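# Close look at the chain arrangement
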Amino acid sequence: MINLARPFLALLLSLTGLAVCSNLMAGPEVVRMWDALANASYQGIEDEAVQLSDGLWEGEPYVEHGAARPRVGLAMDFLVLGDVNDDGKDEALVLIWQSSGGSGTFNYIALVDIGDGNAVNFATTALGDRVRAEGGSIENGVIQVDVIEHGPDEPACCPSQKATRRYDNELNPVTNP
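### Comments concerning the sheet that holds strand 9 (residues 142-149)
Spatially, 8-9-10 is the arrangement adopted by the 3 strands of the open sheet, whose pairing is antiparallel. Unpaired on one side and paired on the other, strand 8 (132-139) and strand 10 (161-167) mark the two borders of the sheet. Averaged over all pairs of adjacent strands, the angle between their axes in this sheet comes to 20°, without regard to strand direction. Pairing of strand 8 with strand 9 involves 7 bridges; the strand directions are antiparallel.

Laid out in structure tokens, this is it:
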């Protein structure tokens, strides 16, 4: 079987200019980085770390011969690069989704060290059920994520409230800008 994900990803990245970072990478470097991110292990989502393969992990069914099973994946439309730990090198902030087979999809953000061609996840935190990440930045060790979340009286299906969330370099919430 031919894997069209990599050529498609290269085309998508070249057309959209998706990568947001302090040191903009060239095309082949971005593809290698996405490949490393799509095949990394991520913690803090399931009980144990999950190892993605081409951007996806699928667990065993909850019930023997059942259809519902946990799935975790890398969202290919969200990437923020920046130096979160003041080491002079960019780290990646990515969006990871998790589904247990029901109607909800829980979204997480994960910080990943992308040095030396490897991707090592070192912090993960939940955004929430169906909370959408619309963009973000990393400046002076502070991570900012623009989200669309649920308002007080909104149904689970349809978040519409814009908000900005701030985190430190370990993805702990920061209350003051």
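Moving on, there is more to tell.
### A short note on the state of the cysteines
As enumerated under the stated definition, the model contains 1 disulfide in all. The disulfide partner of cysteine 157 is cysteine 158, and the S-S distance across this bridge is 2.1 Å. Around the S-S axis, the bridge from cysteine 157 to cysteine 158 shows a dihedral of about -80° and counts as left-handed.

### Comments concerning the sheet that holds strand 5 (residues 91-99)
In space, the 5 strands of this open sheet follow the order 3-4-5-6-7, with antiparallel pairing throughout. The strands lining the two open edges of the sheet, one partner per strand, are strand 3 (56-58) and strand 7 (120-129). The mean inter-strand angle of the sheet, taken between neighbouring strand axes irrespective of direction, is 25°. Where helix 2 (residues 27-38) meets the sheet, it contacts strand 4 (71-82), strand 5 and strand 6 (106-113), and its direction lies at approximately 140° from that of strand 4.

### Focus on the pattern of salt bridges
All chains considered together, the criterion is met by 5 salt bridges. Of the charged contacts, one joins arginine 69 and glutamate 58 as a salt bridge, the two residues approaching to 3.5 Å between their closest N and O atoms. In this pair, arginine 69 sits in the loop between strand 3 and strand 4 while glutamate 58 sits in strand 3, placing the two residues 11 residues apart along the sequence. Between glutamate 149 and arginine 165 there is a salt bridge; the shortest N-O distance is 2.6 Å. Within this pair, whereas glutamate 149 is found in strand 9, its partner arginine 165 is found in strand 10, the two being separated by 16 residues in sequence. Taken individually, glutamate 149 and arginine 165 each receive the classification buried, so the pair is uniform in this respect. Overlapping salt bridges bring together Glu58, Arg69 and Arg71 as one network.

Rules and cut-offs
Residues numbered from 1 in each chain as written. Predicted model: local features only at pLDDT ≥ 70, side-chain atom pairs only at ≥ 80, totals over all residues. Heavy atoms only, no water. Pairing = 2+ DSSP bridges. Helix = DSSP H or I, 4+ residues; strand = E, 2+ residues; numbered from the N terminus. Axes fitted to C-alpha atoms, helices over the stretch in contact; angles between N-to-C directions. Disulfide = S-S within 2.5 Å. Contact = heavy atoms within 4.5 Å. Salt bridge = Lys/Arg side-chain N within 4 Å of Asp/Glu carboxyl O. Buried < 20%, exposed > 50% of the residue type's maximum accessible area, 1.4 Å probe, protein only.

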